[in-house]
Amino acid sequence: MSTHRAYPLIAVGVLLVLTLWRPAPAVTAPDPTPARWAVFLPLLEKAPPATATPTSTRTATPTRTATTTRTATVTRTATATRTATATPTGDGTPSPTPVRGDVRIVPACSQPDPPGDDRDFLAEEYLCLENGGALGASLAGWRVRDAASNEYTFPALVLASGGRVRLRTGAGADTATDLYWGRGSAVWNNDGDTAYLYDAAGRLMDEWGY
Ligand SMILES: [Ca+2]
């Protein structure tokens, strides 16, 4: 490119520079005031904001309603009505019907062969009964029979639990522990016999052979 042909381009460039160029604004001296208070700025900046309103609205409302209603209703009704009517006098106390084994013959306390001649000691010849049941036993209407079918019928008597009664062969006045057959001769053979015990219904409740 020749120098002459470059003149228009240079002229356009100068115009563009003149058009776009603006004088720089006047530089004003910075205000020295902030520099003097600059030492206090850190203090001011560290000051807590005046509008620090703690709005912690914790509404802790512990509404514990202890409703443990323990209703321990232990109603022990001890209704153990054991009617152990231990009536040693043996008069008038009602009792359930004894079962077999409740009232039995007790050989250990029986005496079929008393000392001496039986005919002279009929009251000392006796059969012994015992109530081994838990309740009293009414012996009214019960019977004792030997092997020869001699028979005795019991009067109204309640034999208490654990109680014993002797049935004596001879005559005498009945008591709660001793009954009298009223015989004029011996009934229990000394050389061996069998005693049978029946209840009022005729059921064999016990027997003893010796
Ligand atoms: Ca005898």
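Residues numbered from 1 in each chain as written. Predicted model: local features only at pLDDT ≥ 70, side-chain atom pairs only at ≥ 80, totals over all residues.

### So, the sheet that holds strand β8 (residues 178-180)
So, point 1. Pairing is mixed across the open sheet formed by four strands, whose spatial order is β1-β2-β7-β8. Here the strands that pair on one side only, and so sit at the sheet edges, are β1 (103-105) and β8. Each adjacent strand pair in this sheet contributes to an overall mean axis angle of 25 degrees, direction not counted.
So, point 2. Where β1 lies against strand β2 (residues 126-131), three bridges are found, and the strand directions are antiparallel. Within β2, the residue paired with Ile-105 across the bridge is Leu-129. (Pairing = 2+ DSSP bridges. Helix = DSSP H or I, 4+ residues; strand = E, 2+ residues; numbered from the N terminus. Axes fitted to C-alpha atoms, helices over the stretch in contact; angles between N-to-C directions.)

### So, the sheet that holds strand β9 (residues 194-198)
So, point 1. Taken together, four strands build an open sheet; the order of strands is β5-β4-β9-β10 and the sheet is antiparallel. Of all strands in the sheet, those bounded by a partner on one side alone are β5 (151-153) and β10 (204-209). Each strand axis lies, on average, 15 degrees off the axis of its neighbour in the sheet, ignoring direction.
So, point 2. Two strands pair when backbone bridges link them, and strand β4 (residues 143-145) and β9 are joined in this way by three bridges, in the antiparallel orientation. Directly across from Arg-145, in β9, lies its bridge partner Tyr-196.

### What about the nonpolar core?
So, point 1. Leu-127, Ala-137, Leu-139, Leu-157, Leu-159, Val-165 and Leu-167 are the most contacted members of the largest nonpolar core, which totals 23 residues.
So, point 2. Of all elements in the fold, only β2, β6 (158-159), β7 (164-168) and β9 reach the threshold of two or more residues within this core.
So, point 3. Considering each element in turn, this core owes the most residues, three residues, to β2.
So, point 4. Apart from the residues within four sequence positions on either side, Leu-167 is in contact with Tyr-126, Leu-127, Leu-129, Val-144, Tyr-152, Leu-179 and Trp-181. (Core = buried A, V, L, I, M, F, W, Y, C linked by C-beta atoms within 7 Å. Buried ≥ 20, exposed ≤ 12 C-beta atoms within 10 Å, placed from the backbone. Contact = placed C-beta atoms within 7 Å.)

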